[in-house]
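# Commentary on secondary and tertiary structure
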Amino acid sequence: QVQLVESGGGLVQTGGSLRLSCAASGRSFNNFAMGWFRQAPGKELEFVATIGSGGGSLAYTDSVQGRFTISRDNAENTVYLQMNNLKPGDTAVYFCAATVASGSTWRGHYAYWGQGTQVTVSS
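Source: prediction; values computed, not measured.

Note: strand β1 (residues 2-7) against strand β3 (residues 18-26), six bridges, orientation antiparallel. Considered in β3, the bridge of Val 5 is made with Ala 23. Pairing geometry for β3 and strand β8 (residues 78-83), over six bridges, is antiparallel. Each bridged residue has a counterpart across the sheet, and for Leu 20 the counterpart in β8 is Leu 81.

So this is what it looks like as structure tokens:
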């Protein structure tokens, strides 16, 4: 089992920045690739970014490319999502998730999920 707890969400104006954190506990964090997903009101869960167990195998959805950066600190069992130049369309609940399938963008590959943190971007 892997337990995941997100933090860092909040309310920010258009163009602002937030950094989300996801703290992991339980089974060895180093064995898992990590991902961020988001779900806006009335919409499907959407892939945002992923990072391999060693920090490689990065991938982003097109709409956040160049604005968001995923990173991880294996010594601290934490994965981050730095979000810059935020837009109202980024408003959603953000979830972190863990998988053994490095580089996957498909939610079905992710076995462990956090409870989510709300990000709201005002116009």
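Having seen the structure, we can now continue with the description.
This part takes up the environment of Asp 73. Take Asp 73: it is sitting in strand β7 (residues 68-73). When near neighbours in sequence (up to four residues on either side) are disregarded, Asp 73 contacts Phe 29, Thr 78 and Tyr 80.

It is worth spelling out the packing of aromatic side chains at this point. In total, this model carries five aromatic pairs according to the counting rule given. The interplanar angle of 90° and the centroid separation of 5.8 Å between the aromatic rings of Phe 32 and Tyr 112 together place this pair among those described as edge-to-face. Of this pair, Phe 32 sits in the loop between β3 and β4 (33-39) while Tyr 112 sits in strand β10 (residues 110-113); the two residues are 80 residues apart in sequence, bridging distant segments of the chain. Take Phe 32 and Tyr 112: they sit in the same class, and that class is buried. Taking 5.0 Å as the distance between ring centres and 80° as the angle between the ring planes, the aromatic pair formed by Phe 37 and Tyr 110 counts as edge-to-face. With Phe 37 in strand β4 and Tyr 110 in strand β10, this residue pair connects regions lying 73 residues apart in the sequence. Counting every residue linked through ring pairs, the aromatic cluster contains Phe 37, Phe 47, Tyr 110 and Trp 113.

The next subject is the environment of Phe 32. Residue classification places Phe 32 among the buried positions, given a relative accessible area of 4%. For the pair Phe 32 and Thr 99, spaced 67 residues apart in sequence, the C-alpha to C-alpha distance is 5.4 Å.

Right, let's get into the side chain of Arg 67. Looking at the secondary structure, you find Arg 67 in the loop between β6 (59-60) and β7. Excluding anything up to four places from it in sequence, Arg 67 contacts Gln 82, Met 83, Asn 84, Asn 85, Leu 86, Lys 87 and Asp 90.

Further remarks concern the state of the cysteines. Tallying each qualifying case throughout the model produces one disulfide. One disulfide in the model links Cys 22 with Cys 96; its S-S distance is 1.9 Å. Taking the torsion about the sulfur-sulfur bond, which here is approximately 50°, the covalent link between Cys 22 and Cys 96 counts as right-handed. Taken together, the residues span a long stretch of sequence, with Cys 22 in strand β3 and Cys 96 in strand β9 (residues 92-99) at a distance of 74 residues. For Cys 22, a relative accessible area of 0% puts it in the buried group.

Taken in spatial order, the four strands line up as β1-β3-β8-β7 in an open sheet, and their pairing is antiparallel. Two strands close off the open sheet at either side, each with one partner strand: β1 and β7. Direction aside, neighbouring strands of the sheet carry axes that sit 15° apart on average.

Procedures and definitions
- Residues numbered from 1 in each chain as written.
- Predicted model: local features only at pLDDT ≥ 70, side-chain atom pairs only at ≥ 80, totals over all residues.
- Heavy atoms only, no water.
- Pairing = 2+ DSSP bridges.
- Helix = DSSP H or I, 4+ residues; strand = E, 2+ residues; numbered from the N terminus.
- Contact = heavy atoms within 4.5 Å.
- Phe/Tyr/Trp six-rings, centres within 6.5 Å; stacked < 30°, edge-to-face > 60°.
- Buried < 20%, exposed > 50% of the residue type's maximum accessible area, 1.4 Å probe, protein only.
- Disulfide = S-S within 2.5 Å.
- Axes fitted to C-alpha atoms, helices over the stretch in contact; angles between N-to-C directions.

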